[in-house]
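Observations on chain architecture
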Protein chains: 2
Amino acid sequence: MTEADYEVTKHVARANRAFYRAFEKLDLEAMQRVWLDDPSVRCIHPGSDLLIGAERIMDSWRAIFAGTEAISFEVTDLSVELFGEHAWVTNGEEITAHHEGEVHSAKTVATNLYRLHEGDWRMVLHHASPVARHLGE
Amino acid sequence: MTEADYEVTKHVARANRAFYRAFEKLDLEAMQRVWLDDPSVRCIHPGSDLLIGAERIMDSWRAIFAGTEAISFEVTDLSVELFGEHAWVTNGEEITAHHEGEVHSAKTVATNLYRLHEGDWRMVLHHASPVARHLGE
């Protein structure tokens, strides 16, 4: 990896951390800054169908945040691939959530796609899915 | 969309159809031709953890094909986005599978990423996840 690519990778990893931090803080404005404000952006929450467009996706975060008391993420196996003005991240998500006095934990895996927009890496796709079983291992 | 982009989109959509056709035919050689033969490629089967590298991913297809009698896909809501030598596809998958004399149906949603390699669009990421509940709708 060139030094320039290393620098870009650091910026993308920072954008990815900002996504999980916004989620942990249940901060809708921070989540809005993470995403590209565009009708083409896509989001697939664990166990859910595809949502298209920033407006609909922000509605989904509003509903998720309203239904969550506290949540924390341990991001595992982070990998960043660069291709020009796009970057593709995969990582595991070890989730601990509090809901109605109970603690729930879950493992999910995510594909996050970012696009360089006016100097910032903005999320254009988030696809997270539950990890329940192991295939091909 | 320019005429050139329209042509490229057709090629990507054809690669995406070849993926589902290889799956329906349970044809491991065809599936191998769909993927880029590279240690960086990634695959997340529904409910499963991330697999990295063509070899490990082909092992997973071998296991899935061995455990499947017959399967068919209806691909819905296909969307193709181009960015240079990469293309990003999302689509729904209405699945009908036969196993031990029983018919099972499921709905999943997939993110498929393709890279132009020696004139062919090759899969570099497949992330499929079950659709069970609806958020933000």
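Scroll up to find the structure.
In this report, we go over the structure that sits alongside the text. None of the values given here were measured: they were computed from a predicted structure.

The rules behind the values
- Residues numbered from 1 in each chain as written.
- Chains lettered and ligands numbered in written order.
- Predicted model: local features only at pLDDT ≥ 70, side-chain atom pairs only at ≥ 80, totals over all residues.
- Heavy atoms only, no water.
- Least-squares fit on C-alpha atoms with pLDDT ≥ 70 in both.
- Contact = heavy atoms within 4.5 Å.
- Buried < 20%, exposed > 50% of the residue type's maximum accessible area, 1.4 Å probe, protein only.
- Helix = DSSP H or I, 4+ residues; strand = E, 2+ residues; numbered from the N terminus.
- Pairing = 2+ DSSP bridges.
- Axes fitted to C-alpha atoms, helices over the stretch in contact; angles between N-to-C directions.

Overlay of chain B on chain A (RMSD 0.0 Å): rotation 180°, translation along the axis 0.0 Å. Taken together, these values place the two copies in the relation of a two-fold axis. Minimal C-alpha distance to the rotation axis in chain B is attained by Ser 129 of chain B, lying at 2.8 Å. Most of the interface of chain B is mirrored in chain A: 100% of its interface residues are interface residues there too.

So, about the pairing of strand S6 (residues 120–130) of chain B. Residues and elements named next belong to chain B. For S6, the tally of buried residues reaches 8 of 11 residues, placing the bulk of the element in the interior. Where strand S1 (residues 42–44) and S6 come together, 3 bridges link them in parallel fashion. Considered in S6, the bridge of Cys 43 is made with His 126. Where strand S5 (residues 102–117) folds back on S6, the antiparallel hairpin that results is connected by 2 residues, among which Glu 118 adopts a positive phi of roughly 50°.

We now examine the sheet that holds strand S2 (residues 51–52) of chain A. Residue and element names in this part refer to chain A. A sheet is described by the order of its strands in space; here 6 strands give the open sequence S2-S1-S6-S5-S4-S3, paired in mixed fashion. Looking at which strands have only one partner, the edges of the open sheet turn out to be S2 and strand S3 (70–83). Of the strand pairs in this sheet, strand S4 (residues 86–99) and strand S5 (residues 102–117) are connected by 14 bridges, and their pairing is antiparallel. Bridging from a neighbouring strand, His 99 pairs with Glu 102 of S5. The sheet contacts of helix H1 (residues 3–24) involve S3, S4, S5 and strand S6 (120–130), and relative to S3 the element is tilted by about 155°.

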